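Letter by letter, the chains look like this.
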Amino acid sequence: MSIIPLVFTSGWASGINAYAVVLLLGVFGATGISDEVPASLQRTDVMVVAGILFLIEAVSDKIPYVDSLWDSVHTVIRPIAGAVVGALLAGQNGSLPELAAGAMGGSTALLSHLVKAGTRMAVNTSPEPFSNIVLSTAEDLGVAGVVSFAMFHPVAAASIAGALLLIGLVMLVFLARRIRRFRRRRAQRREEKRLMGTGGPPHR
């Protein structure tokens, strides 16, 4: 039962930045800070790839509209990463606790990803880039802080992650109008590009 808070926290964090989670866990395991991290996450090649992808995400995540495109691509990747990390943390392959941990990590990652992606859509209704930079930086620091805290106080960290997830879900309700506005703008841009590619509006 003691691994459940760490699985929940890693799932929440994976929905925001899966590469940061893999990299952090790998570093904590390789340096001996935590013995809960499986050897597969401590491999040098895994940490190098996670580090490179983290740097790419750190840049892409701060550019308006590019961040939403990046989120769209990661709608599948982040929940899968959360499920895999959760299953690895739970222990041996094929065990029921591992399957349950994978389900918990994946579902939590999906929820936090939806919060992140929806918030970015709302922010992207504003043309200035500073909101994206501030929000992305806050997300990166939040993931690093909560995951690091979970290494020493897993239950408290899981409580923080749960509270942040709940707050994010409530915020989505209030941001729904701005999210719809973002989707309309994106649809209009696609239609404009389509018309430009066909040489103008269709003749009636």
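Here, the structure is the one placed above.
Report follows, based on the coordinates. Values in this document were obtained by computation on a predicted structure and should not be read as measured data. (Residues numbered from 1 in each chain as written. Predicted model: local features only at pLDDT ≥ 70, side-chain atom pairs only at ≥ 80, totals over all residues. Heavy atoms only, no water.)

1. Regarding the overall build of the protein
Helix and strand counts for the protein stand at seven helices and zero strands. The secondary structure elements of the protein, listed N-terminal to C-terminal, are α-α-α-α-α-α-α. Looking at the 204 residues of the protein, the share that counts as buried comes to 42%. For the protein, the proportion of contacts with a sequence separation of at least 24, taken over those separated by at least 6, is 73%. With the model as given, the accessible surface of the protein reaches about 10900 Å², and the carbon-plus-sulfur share is 71%. (Helix = DSSP H or I, 4+ residues; strand = E, 2+ residues; numbered from the N terminus. Buried < 20%, exposed > 50% of the residue type's maximum accessible area, 1.4 Å probe, protein only. Contact = heavy atoms within 4.5 Å. Areas by Shrake-Rupley, 256 points an atom, 1.4 Å probe, with all protein chains shown as cover.)

2. Focus: a positive patch on the surface
On the surface, R177, R178, R180, R181, R184, R185 and R189 cluster together into a patch of positive charge. Looking at the element boundaries, R180 is found in helix 7 (residues 176–197). Overall, R180 belongs to the partly exposed group, its relative accessible area being 45%. (Patch = residues over 30% accessible without salt bridge, like charges linked within 9 Å, V, L, I, M, F, W, Y side chains within 5 Å. Salt bridge = Lys/Arg side-chain N within 4 Å of Asp/Glu carboxyl O. Lys, Arg positive; Asp, Glu negative; His and termini not counted. Charge placed at Lys NZ, Arg CZ, Asp CG, Glu CD.)

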